[in-house]
Amino acid sequence: ATAEDQSAAGLRQAIDNLQNADELSTASSPPSTPLNPRQTGNDPRASNPFTPGTEHLLQELRNKMDAKTSPERKRINSFMIKLIRENESRPSRPRSKTPNEELPINHHAFDNYRPSSRAGTGGTNRSRTARDLDSASGRARRRASKNIVDRILKTGDDDQISLALLDALNHPSIRPYVKRIYGEQDSEKSAVGRVAVDGMKALTERIAKSKYDGGRRRECRALLSMIGMTLTESAEEKEVPQEAVIRQVFPNFSRRSAQRILKKAGAKRKRFEEEEIRDFTLVEDELKRSKYSAKEIEDLRNWMCTNDYSRDSPQAKDTIRERDVNGDLIPLLDDQGNPRKDHKNKVKYRRRSKVLTALNAREMHVQMLKPESEGGFAGAYAEGKVRFSVNSILHYWPNWLKVMTDADKVMCGCETCLSTDDVHLAYKAKRRKIIAAAEVVLEEMDPEDPGYEEFKTALQSYVAEVIPGGRHKYETCMDAAEQYGCGKRVEINGQSFPPFECVNLKCAECIKAGVKTPEFETSQHMNRLTSISKDIQYTKFNTFVRCSKHGSRHISSHDTAPKIRCSKCEDLPDDEKGKLVEKKLRTLETEPFRDFVGEDGTYSLQLKMFAHKFHVILLGKNFKKKYRYSYAERSSLILKISRDFSERWVPAANNQQQFEYFNNDTSLGIEGIVVYFKPKGQTEYQTRFYSILSTEKTQDGRVVY
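To start, this report covers the structure provided alongside it.

Thoughts on the overall build of the protein
Part 1: Assigned secondary structure in the protein consists of 25 helices and 16 strands.
Part 2: Per-residue burial over the protein gives 30% buried out of 705 residues.
Part 3: In the protein, 67% of the contacts between residues at least 6 apart in sequence involve partners at least 24 apart.
Part 4: Here the protein displays about 47800 Å² of accessible surface, and carbon together with sulfur accounts for 51% of that area.

Description of the environment of Y292
Part 1: Topologically, Y292 is positioned in the loop between helix 11 (255–274) and helix 12 (294–306).
Part 2: On the basis of relative accessible area, Y292 is assigned to the buried category, the value being 8%.
Part 3: Each C-alpha atom, one on Y292 and one on S392, is 10.0 Å from the other, the two residues being 100 residues apart in sequence.
Part 4: Contact partners of Y292, with chain neighbours within four places excluded, come to I297, R387, F388, S389, S392 and Y396.
Part 5: Reaching out from Y292, the side chain makes a polar contact with the side chain of S392 at a distance of 3.1 Å.

Re the sheet that holds strand 7 (residues 401–403)
Part 1: With respect to topology, three strands assemble into an open sheet ordered 1-4-7, the strand pairing being mixed. Unpaired on one side and paired on the other, strand 1 (310–312) and strand 7 mark the two borders of the sheet. The sheet shows a mean angle of 30° between the axes of neighbouring strands, taken without regard to direction.
Part 2: Where helix 12 meets the sheet, it contacts strand 1, strand 4 (355–357) and strand 7, and its direction lies at approximately 80° from that of strand 1.

Description of unusual backbone geometry
Part 1: Residue P562 is bonded to the preceding A561 through a cis peptide linkage, with omega at -10°.
Part 2: Considering the arrangement of structural elements, one finds P562 in the loop between strand 11 (555–557) and strand 12 (564–566).
Part 3: For N345, which is not a glycine, the phi torsion comes out positive at approximately 65°.
Part 4: Along the polypeptide, N345 turns up in the loop between strand 2 (319–321) and strand 3 (351–353).

Some remarks on the pattern of salt bridges
Part 1: Applying the stated rule across the entire model yields 16 salt bridges.
Part 2: Between K354 and D318 there is a salt bridge, and its shortest N-O distance comes to 3.5 Å. On the criterion of sequence distance, the pair formed by K354 in the loop between strand 3 and strand 4 and D318 in the loop between strand 1 and strand 2 is long-range, its members being 36 residues apart.
Part 3: When its relative accessible area of 18% is taken as the criterion, D318 is described as buried.
Part 4: Members of the salt-bridge network, linked through shared partners, are E322, R350 and R352.

A few points about the environment of Q483
Part 1: Here Q483 lies in the loop between helix 18 (477–480) and strand 8 (490–492).
Part 2: When its relative accessible area of 17% is taken as the criterion, Q483 is described as buried.
Part 3: Sequence-wise, Q483 and A513 are 30 residues apart; in three dimensions their C-alpha atoms are separated by 9.6 Å.
Part 4: If near-sequence neighbours (up to four positions away) are discounted, Q483 is found in contact with Y474, G514, V515, K516, Y603 and L607.

Re the packing of aromatic side chains
Part 1: In total, this model carries 12 aromatic pairs according to the counting rule given.
Part 2: Ring geometry for F250 versus F253: centroids 6.1 Å apart, planes at 75°, classification edge-to-face. In this structure, F250 and F253 share a single accessibility class: buried.
Part 3: Centre to centre, the rings of Y292 and Y396 are 6.0 Å apart; their planes meet at 75°, and the pair counts as edge-to-face. Placement of Y292 in the loop between helix 11 and helix 12 and of Y396 in the loop between helix 14 (390–395) and strand 7 is noted, with a sequence separation of 104 residues between them.
Part 4: A connected cluster of aromatic rings, assembled from ring pairs, spans Y292, W303, F377, F388 and Y396.
Part 5: Between K430 and the ring centre of F593, over which it is positioned, the NZ or CZ distance is 5.9 Å.

With respect to helix 12
Part 1: Taking 1.5 Å per residue, 13 residues should reach 18 Å; helix 12 reaches 18 Å between its end C-alpha atoms and fits that length.
Part 2: The set of residues buried in helix 12 consists of I297, L300, R301, W303, M304 and C305.

What to know about the nonpolar core
Part 1: Residues I434, F455, F520, L529, F593, F596 and Y603 are the most contacted members of the largest nonpolar core, which totals 42 residues.
Part 2: Elements that contribute at least two residues to this core include exactly helix 16 (415–444), helix 17 (452–466), helix 18, helix 19 (500–503), strand 10 (535–547), helix 22 (593–596) and helix 24 (609–619).
Part 3: Ranked by the residues each element gives to this core, the list is headed by helix 16, at 10 residues.
Part 4: Core analysis: the second largest hydrophobic core is formed by 21 residues, V355, M364, L369 and Y396 among them.

Topic: the packing of helix 10 (residues 242–249) against helix 11
Part 1: Two elements in contact, helix 10 and helix 11, have axes whose closest approach is 11 Å; the angle formed by their N-to-C orientations is 110°. By the angle between their directions, the pair helix 10 and helix 11 is classed as roughly perpendicular. Facing helix 10, whose interface residues are Q242, E243, V245 and I246, helix 11 presents R255, A258, Q259 and L262.
Part 2: Split into classes, the residues belonging to the contact of helix 10 with helix 11 amount to four nonpolar, two polar and two charged.

Conventions adopted
Residues numbered from 1 in each chain as written. Predicted model: local features only at pLDDT ≥ 70, side-chain atom pairs only at ≥ 80, totals over all residues. Heavy atoms only, no water. Helix = DSSP H or I, 4+ residues; strand = E, 2+ residues; numbered from the N terminus. Buried < 20%, exposed > 50% of the residue type's maximum accessible area, 1.4 Å probe, protein only. Contact = heavy atoms within 4.5 Å. Areas by Shrake-Rupley, 256 points an atom, 1.4 Å probe, with all protein chains shown as cover. Polar contact = N/O pair within 3.5 Å; in protein donor to acceptor, adjacent residues only side chain to side chain. Pairing = 2+ DSSP bridges. Axes fitted to C-alpha atoms, helices over the stretch in contact; angles between N-to-C directions. Salt bridge = Lys/Arg side-chain N within 4 Å of Asp/Glu carboxyl O. Phe/Tyr/Trp six-rings, centres within 6.5 Å; stacked < 30°, edge-to-face > 60°. Lys NZ or Arg CZ within 6 Å of the ring centre and 35° of its normal. Expected span 1.5 Å × (residues − 1). Core = buried A, V, L, I, M, F, W, Y, C linked by side-chain atoms within 4.5 Å. Parallel < 35°, antiparallel > 145°, perpendicular 65-115°, else oblique. Nonpolar A, V, L, I, M, F, W, Y, C, P; charged D, E, K, R; others polar.

As structure tokens, then:
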């Protein structure tokens, strides 16, 4: 064995295997000797390899030992002990080379400890042999690892074990193996990397916690972008997933926010690598330059919101946070000029009601160029030249100015419509109850009674007036609004419209007439109806105020601002005061019926929505759009023109390199015009398209008219 393996370790392994075989062959275990360490699974010599030649020598030695008596075995053992001691006293052979730190670890290194399988075995024996081979290599690996663990745990207490293990890992003979397992994890570069990650995490955490107190400034955004720039490219090269970067560096940001930061940082990293270094800026230059003065811009924005085609949104809560010309939110300021903050230390921003307009940017520009007497903008021209282009209209378009949709023109969910609908529904139900009670009274009356015929005639007139043919005369509040006013109407396209004075509630006759209540409801005949209540119940929207801390019991109203207060919060510090929340709820109201239908009663006041009704109709698509189209189609002399405009079109040569650097100073204005017309003698409209080109330096819609 010594000659075959050139190592005393191989001989020790052979002797151990021989003695183990002897233990298995005899019923009683031999005495413990240095050649027979008790097999506890921790023998370090059990993991030393030996060659098939050694196996042959061991087999011969085992056969000879079986024929020997016990005294002869003792002599052989003493000889072996002497041989092992001589081998142990010799200096160990130096290692020829250190392990290669770059090569991957062979995870099948313990397979050479598997016992060899015999040839010629059947299928069942082969599968059993395969299991034996796997279990043998696993036991060898576990014995080796357990031996190391036991040695470490026997060093001392917890601190002693930690210090000894640290020194052992840093030992020159062990460190190559550590690097082969963990790479450069414990190197200087790795230590600096961990410090860098902790530092970046601390910076992002501070910015995230100060989001509403300066954390959104462009300098902070630039710092986040710089941190992301250092991670995006390196993480891709090292195959580090983005989720790991987010967990380690951006744990205080939401997943979507962190992904957005890394995406922008990746784009900036790409620009940094591709552009000239002198052109790169970490903090984006947000200096806004304009050829218009602040007064001109403010006047233009005010005109856009107050011209004849714009109106305020009918819904009180249809608001939006106001932005300035540069697109930044405008904070609310206190008396000292500092931004106001709520109880969560968040900055409060100014809110503004939306303004609805029927014009798009192109139509707004055309309206702007008209004379001021026709609704144009007074500052549209300067020294005879157009001052603002269509692009300027788009750039300075207020964020609270919204182009009307069909829903904005037709649908109305304002308080006037909703409350009037509820009131009219209750009024219809009350009228049916009045008629039912009056019919019962009429049946109980004596036909010979002097008032019988009068009551019967009044009831019949009342039924014919309010429920002709068994159905209510006015099913909806929109229909009931026709009762209000003087009753003058003008027919347009099959529809009846009141004059504009009536719609604007400036007609004296309308105000004087009001709503005419049926005579039966205000006559003495109502006194006979004792079976129904003298009151009427209806629902209406009312505003309720509640304090977030003290509820609604301590809410009081005042003449000075703030008009609604919580008496419990008045003496508390600002940071301890509750928040007043206003909410409109549908509530049940009870009112005497005579007051309800009186001249200035609830029903009469609600039907002033008569003016609101016709505003909605005039702005709706059925009248504003469809009627105009149908009127145009009836005439052969009307053209419908639709326009679109493009500014600053720059031509690019296609497959012609000689023009690549020329003609770049040319800009082209294009206006496309679609004309719909009816040719003479035909009934169907046809379409023609025209385009007008202009290369003048001044680019606006006026150039190509």
